[in-house]
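# Tertiary structure, described
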Amino acid sequence: MSIVIGHDAYDFSLPGVDGKEHSLADFANAQAFVLVFWCNHCPYVRAYEERTIALAKEFAGQVAFAAINANDAEKYPEDSFEAMKQRAAEMGYPFPYLRDETQSVARAYGAGRTPEFFLFDNERELRYHGRLDDNHEHPELAQHAFLRDAIISLLNGELPHIAQTPPVGCSIKWK
Amino acid sequence: MRVDFLYFPGCPSHEEALERLHDALAQEHIRVEPVVYCIETEEEARQNRFLGSPTIRVNGVDIDPAFSEETSFRLTCRLYLREDGRPSPLPSITMIRNALKARHESEERR
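These notes cover the structure that comes with them.

Calculation notes
- Residues numbered from 1 in each chain as written.
- Chains lettered and ligands numbered in written order.
- Predicted model: local features only at pLDDT ≥ 70, side-chain atom pairs only at ≥ 80, totals over all residues.
- Buried ≥ 20, exposed ≤ 12 C-beta atoms within 10 Å, placed from the backbone.
- Helix = DSSP H or I, 4+ residues; strand = E, 2+ residues; numbered from the N terminus.
- Pairing = 2+ DSSP bridges.
- Right-handed = clockwise from strand over helix to strand, strands pointing away.
- Core = buried A, V, L, I, M, F, W, Y, C linked by C-beta atoms within 7 Å.
- Contact = placed C-beta atoms within 7 Å.

## Considerations on the pairing of strand β3 (residues 32–37) of chain A
All names here are of chain A. Counting buried positions along β3 yields 6 of 6 residues, so the element is predominantly enclosed. Side chains Ala32, Val34 and Val36 project from β3 onto one buried face, and the interleaved Phe33, Leu35 and Phe37 project onto a second face that is buried too. Here 6 bridges tie β3 to strand β4 (residues 63–69), and the two strands are oriented parallel to one another. Bridge pairing links Phe37 to Ile68 in β4. Crossover β3 to β4 through helix α1 (residues 43–58) is right-handed.

Right, dumping it as structure tokens:
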């Protein structure tokens, strides 16, 4: 069960592919914060990869993004820390890509899927949880840009009209 | 003709994929009911040469020629590439139809 709307963001301390340790404090200056549970191997992540990068770039300077990979890398070697470094470099991720080796952060947030988006406001209270939009296969046919709309609402000082959608993606590969 | 549809419940693409398979069969006028397998353990994945969810085989041959040499059998969602090069968790209806057509034609030649 994931954390509920209004819940505070849990702090974390996780290694990033940039060689640094990252925590919530790193994103303190952002007006909003998007935390997404992510991985290398999932086709849903691949389908949303370019859209997520574009969104992070569109709101750079206002909204911070961070991606966390908690998958069991023993069973899924494409999700190893080394493979994460390669993927982030290949795609030019404009956000930290973090490794949750113990899976404790994924469990604390109650994440179950990749990708699964959590959007926090400037007080770091959860304001949107779920999927990026409603069409994983054809971005141009998406009717609802849930995450983008929620971000715009927060930046305008309003609560998102839609606060929750069911995340659609691969199950997190638990140890 | 035999059509096998294998899926892993941890991956949400199977319902849409099965629907797409039925549409493809109808469009190719092939009256065959796919045999559906639910793969739930790593052992079942190995035994059934399961490359990820969904996997569709026509007469035992995978619909995606790119996967013919693949031997990584496990519980996972499967990555397909659409005709426009975009990644997708689902095979396109064109890919399914092409595979059905190819097997159907080779059966008729016999």
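So, next bit.
## Structural notes on unusual backbone geometry
Residues A:Thr114 and A:Pro115 are joined by a peptide bond in cis, for which omega reads -5°. With respect to the element layout, A:Pro115 can be found in the loop between β6 (113–114) and β7 (116–120). B:Pro54 follows B:Ser53 through a cis peptide bond whose omega is -5°. Inspection of the secondary structure assignment puts B:Pro54 in the loop between α2 (42–47) and β3 (55–58). We note that A:Arg124 has phi near 60°; this positive angle belongs to a residue other than glycine. Tracing the backbone shows A:Arg124 in the loop between β7 and β8 (126–130). The backbone of B:Arg49 sits at a positive phi, close to 50°, despite the residue not being glycine.

## What about the nonpolar core?
If you look at the biggest cluster of nonpolar residues, it comprises 58 residues, and the most contacted ones within it are A:Ala66, A:Ile68, A:Leu119 and A:Leu147. Apart from residues no more than four positions distant in its own chain, A:Leu147 is found in contact with A:Leu55, A:Phe117, A:Leu119, A:Tyr128 and A:Leu132.

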